[in-house]
2 protein chains.
Amino acid sequence: MTGSVPNAPRIPTVRDVAALAGVSPMTVSRTMSGGQNVSAEVRTRVHAAADQLGYRPNQNARNTRLRQPTGLIGVAVTNLGNPYYGQFALGIEDEAARHNRHILIGNSREDPLREAELLDGFTGRQVEGLIVVPAGNGLGFADRLGSLPRVPLVLATRSIEGLEKDTVLVDDVGGAHAGTASLIGEGHRRIAFLGDVDGIPTARRRFQGFTEALAAAGIPFDRALLAPVRDTAAASVAVQQLLGQPDPPTAFFSVNNRTTVGALRALSGHRSTTGGRASALASFDDVELADLLGIPLTVMSHDPRALGAQAASLLFDRLAEDRLPEHGPARPRLVQMPVTVRRYPSPPKG
Amino acid sequence: MTGSVPNAPRIPTVRDVAALAGVSPMTVSRTMSGGQNVSAEVRTRVHAAADQLGYRPNQNARNTRLRQPTGLIGVAVTNLGNPYYGQFALGIEDEAARHNRHILIGNSREDPLREAELLDGFTGRQVEGLIVVPAGNGLGFADRLGSLPRVPLVLATRSIEGLEKDTVLVDDVGGAHAGTASLIGEGHRRIAFLGDVDGIPTARRRFQGFTEALAAAGIPFDRALLAPVRDTAAASVAVQQLLGQPDPPTAFFSVNNRTTVGALRALSGHRSTTGGRASALASFDDVELADLLGIPLTVMSHDPRALGAQAASLLFDRLAEDRLPEHGPARPRLVQMPVTVRRYPSPPKG
DNA sequence: AACAGCAATGGTAACGTTATCAGCCAGAGT
DNA sequence: ACTCTGGCTGATAACGTTACCATTGCTGTT
């Protein structure tokens, strides 16, 4: 890791361009950054030399000299392969592009160690700010954060208890409540919950909304209907098992798009083998094509791209404020993104 | 954009740590990078001071001084919101993490101007290499490339005619040929093609495989069955129109996951309203849940994550080679990722 | 006792960039 | 002829870092 590259072709610098154009490095610098106070003749000569050598100003050296921010934003997500976080990253990228910033992205794989590595790397590269989806349950995050530098940090999707930072969440509790209420309104009483409630905080919040809706309707929750699954395959197996029980649930609440896909596979298979009345499914997160399967489906839908854009927006607000701290730092902000409940097939009008 | 930040809290440097620990900056530097030849007593004092100030070595300054590479890889994709490119990015990230690199990611939105901006920004930030999915049809890319620096470049998913660079492609022609042959084997003769053949090169290559398979079976292609669609909504409309024709196609070839989703919506709706025999669909790219819809489906499947990993792998090979150019630069490599054809429901055994 | 060898530490300079200041020269105003 | 202005150019130093060399003081050998 240490030591310079022996045979790498040298990248041209201001000095190389200056020598070729027959001027001083200073004149090259001036020409490259606007060309104020440079004669037209010299300007063209410098540009020609720069083009010939393929010269690009070294932004890193530039930032060092100017004590300027780097224009970099660090983003750490838990699973880049999940389409959800693709949309999320897209929202951030849009907003970052608008503010003329680039994004450094990293995948923590829900691993706090990898997350710490990432944040270390980001800060070492002098990012101006961080947007983080905390890995796992976020335990210990605040401790690790203690050693982070003072760049602005926005938490997305998951909050950290006791950590006062700008945060963007989905209205998990309200959305889950509304979705569950919709199932109850259709007459369901035995509703299973698919999701690992002890894992990530998001699942816990959705479970909270779920139980609140049950309680509001006076329905006790049978703990036997709680399936602590975390991925597609496990969700599929759990649904099959639950349907095989003596007193099976008539509906399922699925905690995210991964478990929903698993549940849909199981329900689809079950319907075709038994021919019985299809069990209903309520899904937190949209899943493409799910509405075509003929399974009674309630979707608690939200927009990950908007969430990403919102997170970036909070971050840039904070950066702007740091530049003009007239009133001292503002208190951390918490934004909840709205959740919409939809029903497939659409309920009859009236 | 120019000018330093007035009120930003100063970020601690080696000098600050040195002053606090009562040693020279040099000793701090040594301590932070391994601690060779530093007494245990001083080492602990320096670490304490660094922790107290929240000091992080400035990687940018470090790289400048060491003439070391930055550990950054630039990645430009055309649509970060497409789950396909999420998986692709994941593959790159995996491989980059293995090589201890970070990735700068940008979304070109199929816009060559934005793409050029991105690549400029990346190279200005001294990335060690670039992985690019060329925007649009790639026309003019080589010209823009002329002004790029000499860092290694890997093209992914789409190649640029006349540009000799490391490239990773999907076996579009072979895959499309095999998928089409599968439809023909099931007895289909009138097969529509959903995809904009004049747009991105990938679509053109898949169309080539499609027509080759038809030709091999002695089936002429009716140009009326070519629907130049680029997104989900347009694909859906096109399928409806084609099915409404006097002599409708019995099968559809869909050029990518976006058009497949549109086609599935249309076919699903058509089947439920007419009750007739369902038209078959061959889809280039996997689509989650598509196999559950009860529509005869042939999938030409490939692994975007593996593709990303392969692209990154080529890049790191090239970087390693640049370090030890014993035999001069190797010729550009072209890797074709394999395509697997699957049938849903599975064909009977035997 | 003299000296080599080595560990620990610091001074200096350089990476590529640009802010700052100083110098030069042409043309305008007196 | 003289300053004065303002456009153009370059020398110097500094951003935060570390390679390189010099210096100090210690141990172990002869």
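Thresholds, definitions, all that
Residues numbered from 1 in each chain as written. Chains lettered and ligands numbered in written order. Predicted model: local features only at pLDDT ≥ 70, side-chain atom pairs only at ≥ 80, totals over all residues. Heavy atoms only, no water. Buried < 20%, exposed > 50% of the residue type's maximum accessible area, 1.4 Å probe, protein only. Helix = DSSP H or I, 4+ residues; strand = E, 2+ residues; numbered from the N terminus. Pairing = 2+ DSSP bridges. Phe/Tyr/Trp six-rings, centres within 6.5 Å; stacked < 30°, edge-to-face > 60°. Lys NZ or Arg CZ within 6 Å of the ring centre and 35° of its normal. Salt bridge = Lys/Arg side-chain N within 4 Å of Asp/Glu carboxyl O. Arc of directions from axis to C-beta. Contact = heavy atoms within 4.5 Å. Least-squares fit on C-alpha atoms with pLDDT ≥ 70 in both. Axes fitted to C-alpha atoms, helices over the stretch in contact; angles between N-to-C directions. Polar contact = N/O pair within 3.5 Å; in protein donor to acceptor, adjacent residues only side chain to side chain. Near = heavy atom within 4 Å. Nonpolar A, V, L, I, M, F, W, Y, C, P; charged D, E, K, R; others polar. Parallel < 35°, antiparallel > 145°, perpendicular 65-115°, else oblique. pLDDT = per-residue confidence, 0-100.

Residue and element names in this part refer to chain B. Counting buried residues in strand β1 (residues 72-77) gives six out of six residues, a clear majority hidden from the surface. Bridge count for β1 against strand β3 (residues 129-132) is four bridges, and the pairing is parallel. Each bridged residue has a counterpart across the sheet, and for I73 the counterpart in β3 is G129.

Once that is clear, we can look at the packing of aromatic side chains. Summed over all chains, the structure comprises 18 aromatic pairs over all chains. Seen from their ring centres, Y85(B) and F88(B) are 6.0 Å apart, and the 85 degrees between their planes marks the pair as edge-to-face. Taken together, the residues span about one helical turn, with Y85(B) and F88(B) both in helix α5 (residues 83-98) at a distance of three residues. Across this residue pair, the class does not change: Y85(B) and F88(B) are buried. Note on F193(B) and F207(B): the rings are 4.8 Å apart at their centroids and 75 degrees apart in plane angle, and the pair reads as edge-to-face. Here the residue F193(B) occupies a position in strand β6 (residues 191-194), and F207(B) occupies one in helix α9 (residues 201-216), the gap between them amounting to 14 residues. Taking relative accessible area as the criterion, F193(B) reaches 0% and is therefore assigned buried. The exposure class of F207(B) is buried, given its relative accessible area of 11%. The structure contains a cluster of three or more aromatic residues connected by ring pairs, namely F193(A), F207(A), F210(A), F221(A) and F253(A). Over the ring of F284(A) we find R206(A), and its NZ or CZ is 3.8 Å from the ring centre.

We now examine the pattern of salt bridges. Applying the stated criterion across every chain yields a total of 42 salt bridges over all chains. Between D196(A) and R230(A) there is a salt bridge; the shortest N-O distance is 3.5 Å. Of this pair, D196(A) sits in the loop between β6 (191-194) and α9 (201-216) while R230(A) sits in the loop between β7 (226-227) and α10 (232-244), placing them 34 residues apart in sequence. Residue classification places D196(A) among the buried residues on the basis of a relative accessible area of 14%. Salt bridges sharing partners connect three or more residues here, namely E93(A), R114(B) and E117(B).

This next bit is on helix α1 (residues 14-21) of chain A. All names here are of chain A. When α1 is considered as a whole, its buried residues turn out to be V17, A18 and A21. The buried side chains of α1 occupy one side of the element, clustering within an arc of 100 degrees when seen end-on. Of the residues in α1, the exposed ones pointing more than 90 degrees away from the buried face are R15 and A19. Where α1 is buried, its residues contact α2 (25-32) and α3 (40-53). Residue G22 follows α1 closely and has a positive phi angle near 70 degrees.

Bringing the relation of the copies chain A and chain B into the picture now. Rotating chain A by 180 degrees and translating it 0.0 Å along the rotation axis places it on chain B, where the RMSD comes to 0.2 Å. The superposition of one copy onto the other is thereby described by a two-fold rotation axis.

Turning to the sheet that holds strand β9 (residues 280-284) of chain A, a few remarks are in order. Residues and elements named next belong to chain A. The mixed open sheet is built from six strands, whose spatial order is β7-β6-β8-β9-β10-β12. Edge positions in the open sheet fall to β7 and β12 (340-344), since each of these has one partner strand only. Against the sheet, helix α8 (residues 172-185) touches β6, β8 (251-254), β9, β10 (297-301) and β12, its axis set at about 165 degrees to β10. Contacts between α9 and the sheet are confined to β6, β7, β8 and β9, with β6 contributing the most and set at about 170 degrees to the helix.

Residue and element names in this part refer to chain A. Tracing the chain through its elements places D231 in the loop between β7 and α10. For D231, a relative accessible area of 38% gives the class partly exposed. Separated by 88 residues in the primary sequence, D231 and D143 have C-alpha atoms spaced 29 Å apart. From its side chain, D231 meets the backbone nitrogen of A233 in a polar contact 3.3 Å long.

Within the structure, DNA strand D sits among 26 residues, and T27(A), V14(B), S29(B), R62(B) and R65(B) are positioned closest to it. Counting only the atoms of DNA strand D that lie within 4 Å of the protein, the sugar and phosphate share comes to 62%. With respect to DNA strand D, the side chain of T27(A) contributes an N or O atom lying 2.5 Å from a phosphate oxygen. Broken down by secondary-structure element, the contributors of at least two residues to the surface near DNA strand D are α2 and α4 (59-66) of chain A together with α1 (14-21), α2 (25-32) and α4 (59-66) of chain B. It is α4(B) that contributes the most residues to the surface near DNA strand D, four residues altogether. Each residue belonging to the surface near DNA strand D can be placed in one class, and the counts come to 10 nonpolar, eight polar and eight charged.

A word on the packing of α1(B) against α2(B). Residue and element names in this part refer to chain B. Between α1 and α2, the shortest axis-to-axis distance is 8 Å and the interhelical angle comes to 105 degrees. The angle between α1 and α2 falls in the class roughly perpendicular. Facing α1, whose interface residues are V14, R15, V17 and A18, α2 presents P25, V28 and S29. When its residues are assigned to classes, the contact of α1 with α2 shows five nonpolar, one polar and one charged.

Of note, E95(A) is situated in helix α5 (residues 83-98). For E95(A), the residues in contact, after removing those within four places along its chain, are A309(A), A312(A), S313(A) and F316(A).

This next bit is on the confidence of the model for chain A. Across chain A, pLDDT averages 89, with 91% of residues at or above 70. Segment residues 1-7 of chain A is flagged for pLDDT under 50; beyond a separation of four residues in sequence, or across chains, it makes 12 contacts in the model.

On to the side chain of N107(B). Mapped onto the elements of the fold, N107(B) is located in strand β2 (residues 102-107). Only 3.3 Å separates the side chain of N107(B) from the backbone nitrogen of N79(B), close enough to count as a polar contact. Leave out the neighbours within four places in its chain, and N107(B) touches L90(A), E93(A), V77(B), T78(B), N79(B), L80(B), R114(B) and L118(B).

What follows covers the packing of α2(A) against α3(A). Residue and element names in this part refer to chain A. Relative orientation of the contacting elements α2 and α3 amounts to 90 degrees, with a least axis distance of 10 Å. The orientation of α2 with respect to α3, classified from their angle, is roughly perpendicular. Contacts between α2 and α3 involve T27, V28, T31 and M32 on the former and, on the latter, V42, R43, V46, H47 and A50. Residue classes in the contact of α2 with α3 are distributed as five nonpolar, three polar and one charged.

Either a parallel or an antiparallel arrangement is found when strands of a sheet pair, and the pairing is made through backbone hydrogen bonds. With mixed pairing, 12 strands are arranged side by side in an open sheet as β11(A)-β5(A)-β4(A)-β3(A)-β1(A)-β2(A)-β2(B)-β1(B)-β3(B)-β4(B)-β5(B)-β11(B). Both outer strands of the open sheet, β11 (334-337) of chain A together with β11 (334-337) of chain B, are each paired with one neighbouring strand and no more. Shown here is a sheet whose adjacent strand axes are inclined to one another by a mean of 20 degrees, direction ignored.

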